[in-house]
Amino acid sequence: MRWLSLLSILLLLSCDSMEKSTSSVSTLNQPAQLIVRNATIYTADKVRSIASAMAIRDGRIIFVGNEADVESYIGTDTKIADLNGRLVLPGFFQRAKIRGSASRINLFSENSIEDYHLAVSRYIRENPEQQVIVGDGWSMQAFSAETPHKGILDQINDLIPIILFSSDRSSIWTNSEGLAAAGINNDSENPVDGFIEKNEHGIATGWLRGSGAVALMEKLIPEYPKEVYRRDLLCIQELAASNGVTTLYEPAIYLKDEEARRRYFDTLSDIDSMDIRVQASIVVRPTFTEKDFSLLQQEISQIPISDFNLSSISFIEWLPKTFRTWITEEALDGESVSLKKVAALAQRAHSYQFSLQILVSGKEGTIKAWELLEELEGAGFGTEVRNAVVNAYLGKESALEGLSKVHSAAFVQPETIFALNVHPGDSMTRRHIKESDRYLPLGVSLLSSDFSQINGMVSPLLIIHRGVNHDIPIFDLVEAFTINAAYAGNLEKETGSIEKGKWADFIVLDRNIFKSTADQIDETRILKTFYKGRLVFDRNSVKSKSLNRHSGYLQRDAF
């Protein structure tokens, strides 16, 4: 019996030794393609771990930990990046509109006639092939005692039409060539529901007001071709990468009819690869039927690129008319939509695995949205998908905590969050924050939800800097643009944090923002951005796009 017992022990030891040997060989046979070491890696996991090394293979993270343990992932072809202690964060999320990011002029952020002049001049200089110049966002406040006049735009260019929409899209400011191309002269009469402004001498000034007059100019705008969308997509990818953004939420895509839908999906079918993940949402009306959802699902299944996901619908009927117009670029007749009708729409969407994004403005719309989400939760809907309230109004702390109860998320304007934590002596009391607490629950993200933003992108680092100035904990601010934002899109198992098995979406910063003052954070720069293990932005090199995008390997000069 003793011999049998001894023999059993020897066999067990032998098997254990073989398992260790096999495991070692397996590790050696599967070396990392990239190892990041000597870094300060903020993982954004549940316990907010800090690591010093990670290993990446086939775009996925295969190890996160310390310097010693990462050694076993080094192979003969492994690229090793020594970051000299620099901070690594998960790739940021942000919201932005793809269409128009390169093909239209954004005037929303400009404040004067001089600003408009510079923006239009710069765009024409950078896009000499454009035959019609289109822009959005000018405000009457910029004109003071003056009114929009064609002469200002003629100084820039009087050979091609310049068509600039006001911020509420109720007016157009155009140049002399724009008037001529639209067939408008000094003898033209006002159209139905519109006015052609003229001076005291009866000369058309280039300012057209009202839907009827706007329609006269809209017909000059060429159809949105495939190549322009591809240019817009390339533009937004480059802008995103330079801001450390690896996942983009494209809000409220409006396709007004079947022909617009056909062109949109036809455009997507020609895109073979991307350097960013896009989570898109399409606007639907309450009358969107089961048949419509089935057809939409079939169209989405034909999109060849896995990095573009159209997985949610946007409900905009509870928005004020001005906001709906910004989204749809046309005046939609609004009607009072009952909670019951929206709930039925949401249930149809959920049956086809579409989540619901409810776009609201102000307290009243937010209350409606919460009531809807609670009703869906009570009916057993919304647990498989993750619904969201966009531009949610949060007037008290309890609203933040209520998200988890309805399995939903909220995209919140940063100012709304900052208002919850004001300085002593202000009208509100500063929220007491324990070091172990999270100021922003998992479902709250600070991604931009400004409906007037037609192009461009708000830098997450800018919002983080402003949040720190309002004494919001920086860890919460970072997570609002990483793991919280991933949760909002039901992506927390794929990205949003630096953990084993997730995509290697990460950024390298030039300083440790967790140990920096607010002013130093404002000066922080993104050095490198990686998407699925690929270097897609390198501040020190314009050659980052020359990486092999399909093999997953990095070139030797990537660092």
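Please read all numbers here as calculations on a predicted model, not as lab measurements.

**Q** What is the right way to read the overall build of the protein from this model?
**A** A tally of regular secondary structure across the protein gives 18 helices and 24 strands. Here the protein has roughly 25,900 Å² of accessible surface; of this, 50% comes from carbon and sulfur atoms.

**Q** Help me out: how do you make sense of the sheet that holds strand β21 (residues 444-445) in this one?
**A** Sheets are built from strands paired through backbone hydrogen bonds, the pairs being either parallel or antiparallel. One open sheet accounts for eight strands, arranged β8-β15-β16-β17-β18-β19-β20-β21; its pairing is parallel. Edge positions in the sheet fall to β8 (92-95) and β21, since each has one partner strand and no second. Pairing of strand β19 (residues 387-390) with strand β20 (residues 408-411), which is carried by four bridges, proceeds in the parallel orientation. In the sheet register, V389 faces β20, and the bridge partner there is A410. Docked against the sheet, helix α11 (residues 339-351) engages β17 (308-315), β18 (355-359) and β19, running at close to 165° with respect to β17.

**Q** Looking at this model, I keep getting lost on the sheet that holds strand β10 (residues 133-138). Mind explaining?
**A** The strand order β9-β10-β11-β12-β14-β13 describes an open sheet built from six strands, whose pairing is mixed. The sheet terminates laterally at β9 (105-106) and β13 (195-198), the two strands that pair on one side only. Inspection of the sheet shows strand β12 (residues 171-174) paired to strand β14 (residues 204-209) by three bridges, in the antiparallel sense. Bridge pairing in β14 places S171 opposite R209. Strands in contact with helix α3 (residues 113-126) are β9, β10, β11 (162-166) and β12; relative to β10, the strand with the most contacts, it is inclined by about 155°. Its contacts with the sheet put helix α6 (residues 211-218) on β11, β12, β13 and β14, and the angle it makes with β12 is roughly 45°.

**Q** Would you mind showing me how to read the pairing of strand β24 (residues 534-538) here?
**A** On a regular strand, one side chain projects to one face of the sheet and the next to the other, so that they alternate. The buried fraction of β24 amounts to five of the five residues, a majority that puts the element mostly inside the structure. The pairing of strand β23 (residues 526-531) with β24 spans four bridges and is antiparallel. For T529, the partnering residue across the bridge sits in β24 and is F537.

**Q** Help me out: how do you make sense of the pattern of salt bridges in this one?
**A** In total, this model carries 21 salt bridges according to the counting rule given. The shortest N-O distance in the salt bridge between D275 and R534 comes to 3.2 Å. Taken as a pair, D275 in the loop between α8 (258-268) and β16 (277-283) and R534 in strand β24 lie far apart in primary sequence, 259 residues in all. Take D275 and R534: they sit in the same class, and that class is buried. For D505, the salt bridge goes to R277, with nearest N and O atoms at 2.9 Å. Within this pair, whereas D505 is found in the loop between α17 (483-488) and β22 (506-509), its partner R277 is found in strand β16, the two being separated by 228 residues in sequence. Its relative accessible area of 2% is what places D505 among the buried residues. The exposure class of R277 is buried, given its relative accessible area of 5%. Counted as one network, the salt bridges with shared partners bring together R37, E67 and E71.

**Q** Just checking my understanding: could you explain the side chain of S314 for this structure?
**A** Along the chain, S314 turns up in strand β17. Of note is the side chain of S314, whose polar atom sits 2.5 Å from the side chain of S281. Beyond its immediate stretch of four places on either side in the chain, S314 contacts A252, S281, I282, V283, V284, Q357 and L359.

**Q** Would you take a moment to explain the environment of I203 for this structure?
**A** Inspection of the secondary structure puts I203 in the loop between β13 and β14. By relative accessible area, which is 34% here, I203 ends up partly exposed. Separated by 17 residues in the primary sequence, I203 and N186 place their C-alpha atoms 5.1 Å from one another.

**Q** What is the right way to look at the pairing of β14 in this model?
**A** Judged by how many residues are buried, β14 sits mostly within the fold: five of six residues are covered. Pairing between β13 and β14: three bridges, direction antiparallel. Bridged to K198 within β14 is A204.

**Q** Please clarify how α11 should be interpreted in this entry.
**A** In this model, α11 (13 residues) spans 18 Å end to end at C-alpha, consistent with the 18 Å of a helix rising 1.5 Å per residue. Burial in α11 covers these residues: V342, A343, L345, A346, R348, A349 and H350. As for α11, its buried residues are in contact with α9 (290-301), β17, β18, α12 (362-378) and β19. Two residues or fewer past α11, Q353 is found with a positive phi of approximately 65°.

**Q** Would you explain the environment of E523 in this entry?
**A** Examined against the element boundaries, E523 turns out to sit in the loop between α18 (518-522) and β23. Take E523: its relative accessible area is 47%, and that puts it in the partly exposed class. When the C-alpha positions of E523 and I513 are compared, they lie 9.9 Å apart, and in sequence the two are 10 residues distant. Among all residues touching E523, those that are not within four sequence positions of it are D510 and R511.

**Q** Could you clarify how one ought to interpret the confidence of the model for the protein in this entry?
**A** Residues shown with low pLDDT carry predicted positions that ought not to be read at fine detail. Averaged over all residues, the pLDDT of the protein equals 83, while 82% of them reach at least 70. Of the regions scoring below 50 in pLDDT, residues 423-436 engages in 25 contacts with residues more than four places distant in sequence or in other chains. Taken together, the stretch residues 542-558 has pLDDT below 50 and engages in 36 contacts with residues farther than four places along the chain or on a different chain.

Rules of the game
Residues numbered from 1 in each chain as written. Predicted model: local features only at pLDDT ≥ 70, side-chain atom pairs only at ≥ 80, totals over all residues. Heavy atoms only, no water. Helix = DSSP H or I, 4+ residues; strand = E, 2+ residues; numbered from the N terminus. Areas by Shrake-Rupley, 256 points an atom, 1.4 Å probe, with all protein chains shown as cover. Pairing = 2+ DSSP bridges. Contact = heavy atoms within 4.5 Å. Axes fitted to C-alpha atoms, helices over the stretch in contact; angles between N-to-C directions. Buried < 20%, exposed > 50% of the residue type's maximum accessible area, 1.4 Å probe, protein only. Salt bridge = Lys/Arg side-chain N within 4 Å of Asp/Glu carboxyl O. Polar contact = N/O pair within 3.5 Å; in protein donor to acceptor, adjacent residues only side chain to side chain. Expected span 1.5 Å × (residues − 1). pLDDT = per-residue confidence, 0-100.

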